[in-house]
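# An overview of the molecular structure
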Amino acid sequence: MGVYGGIGIAAPQIGWWTRAMCFGINGSNPRYPDAGSVPFQFWVNPEIVWSSSDTNWMWEGCLSVPGMRGWVERPKEVRLRGLDERGVEREVSMSGLEARVAQHELDHLDGTLFPERVTGARFLVPQQVFDAREGWAEDWPSPGSRRTGPGGLCDEQ
């Protein structure tokens with residue numbers, strides 16, 4: 001995760017077939033310059049026990065899908081239950097980027113990658129195309145997606 005600039009990783013991504021994941025941003029991350037800090041945390045057997053009906057969008061990337069970005073909608077807030085790195089049960093409410101990353105990593109535990117969550121082909125782009133988004137047509141692929149940088153969240157598609 002640290003070597004490749006990830007902000008989270010799930011055990012199956014590294015060949016460990018168990019329901020464990022970790023994530024966090026300590027300071028800044030060059031792959032997600034618009035992201036704020038997210039406390040580093042480790043989860044075993046996590047499950048979402050509640051999610052908000054309000055959603056937001058983000059250009060997600062993934063160490064398992066190198067060189068791509070996808071415009072993905074997810075709930076703004078979640079409540080996550082599971083064990084910490086010491087085996088202590090906990091239940092935590094999360095919002096913003098923290099909730100987003102938790103959901104992304106939890107998807108890995110269920111065998112889902114972010115390209116399966118995009119709503120159409122125009123919302124899955126190569127990193128080079130994403131990096132040149134200032135040259136995109138005004139509302140392409142959607143108004144919110146064009147204006148949102150890596151690590152930023154948007155309330156409109």
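Residues numbered from 1 in each chain as written. Predicted model: local features only at pLDDT ≥ 70, side-chain atom pairs only at ≥ 80, totals over all residues. Heavy atoms only, no water.

## Quick look at the sheet that holds strand E3 (residues 38-51)
Applicable threshold: Any two strands with at least two DSSP-identified bridges between them are counted as paired. Where helices and strands are cited, they refer to DSSP runs of H or I of at least four residues and of E of at least two residues respectively, numbered from the N terminus. All axes here are fitted lines through C-alpha atoms, helices being fitted over the stretch that makes contact, and every angle between N-to-C directions spans 0 to 180 degrees. Only heavy atoms enter the contact rule, under which two residues are in contact if any of them lie within 4.5 Å.
Reading across the sheet, the five strands line up as E1-E2-E3-E6-E7 and stay open at both edges, with antiparallel pairing between neighbours. Strands at the two margins of the open sheet, each flanked by one partner only, are strand E1 (8-10) and strand E7 (89-95). When the angles between neighbouring strand axes are averaged without regard to direction, this sheet yields 40°. Strand direction decides the pairing type here: strand E2 (residues 20-25) and E3, joined by five bridges, are antiparallel. By the bridge assignment, Phe23 is partnered in E3 with Gln41. Against the sheet, helix H1 (residues 96-109) touches E1, E2, E3, strand E6 (77-83) and E7, its axis set at about 150° to E2.

## A word on the packing of aromatic side chains
Let me state the cut-off plainly: Stacked, edge-to-face and tilted are the three classes for Phe, Tyr and Trp ring pairs, Trp counted by its six-membered ring, which pair at centre distances within 6.5 Å; planes under 30 degrees apart are stacked, over 60 edge-to-face, the rest tilted. Think of it in three bands: residues with accessible area under 20% of the maximum for their type are buried, residues over 50% are exposed, and the middle band is partly exposed, with areas taken using a 1.4 Å probe on protein chains only. Either the NZ atom of lysine or the CZ atom of arginine qualifies as a charge over a ring when it sits within 6 Å of the ring centre and within 35 degrees of the ring normal.
Evaluated as defined, the whole model comprises five aromatic pairs. With a centroid separation of 5.0 Å and 90° between ring planes, the pair formed by Trp136 and Trp140 is classed as edge-to-face. Classification of Trp136 as buried rests on a relative accessible area of 10%. Members of the aromatic cluster, joined through ring pairs, are Trp57, Trp59, Trp71, Phe130, Trp136 and Trp140. Here the basic side chain of Arg69 rests over the ring of Tyr32, its NZ or CZ set 4.6 Å away from the ring centre.

## Examining the nonpolar core
What counts is decided by this rule: Among buried residues, the Ala, Val, Leu, Ile, Met, Phe, Trp, Tyr and Cys ones that are joined through side-chain atoms within 4.5 Å form a nonpolar core.
Formed by 19 residues in total, the largest nonpolar core has its most connected members in Met21, Phe23, Ile25, Trp43, Leu80, Met94 and Leu97. With six residues, H1 is the largest single contributor of residues to this core. Not counting residues within four places of it along the chain, the set of residues in contact with Leu97 comprises Ile25, Ala35, Gly36, Val38, Met58, Gly151 and Leu153. In terms of nonpolar packing, the next biggest core, distinct from the first, is built from 13 residues, Trp57, Cys62, Val65 and Phe114 among them.

## Here's the deal with the side chain of Asp107
Put simply, the rule reads: Each polar contact in these results corresponds to two N or O atoms within 3.5 Å; when the atoms are within protein, one needs to be able to donate a hydrogen and the other to accept it, and residues that are neighboring in sequence are counted only if both atoms are side-chain atoms.
In this structure, Asp107 sits in helix H1. The exposure class of Asp107 is buried, given its relative accessible area of 7%. A polar atom in the side chain of Asp107 sits 3.0 Å from the side chain of Arg74. Excluding its chain neighbours within four sequence positions, the residues that come into contact with Asp107 are Arg74, Thr112 and Arg117.

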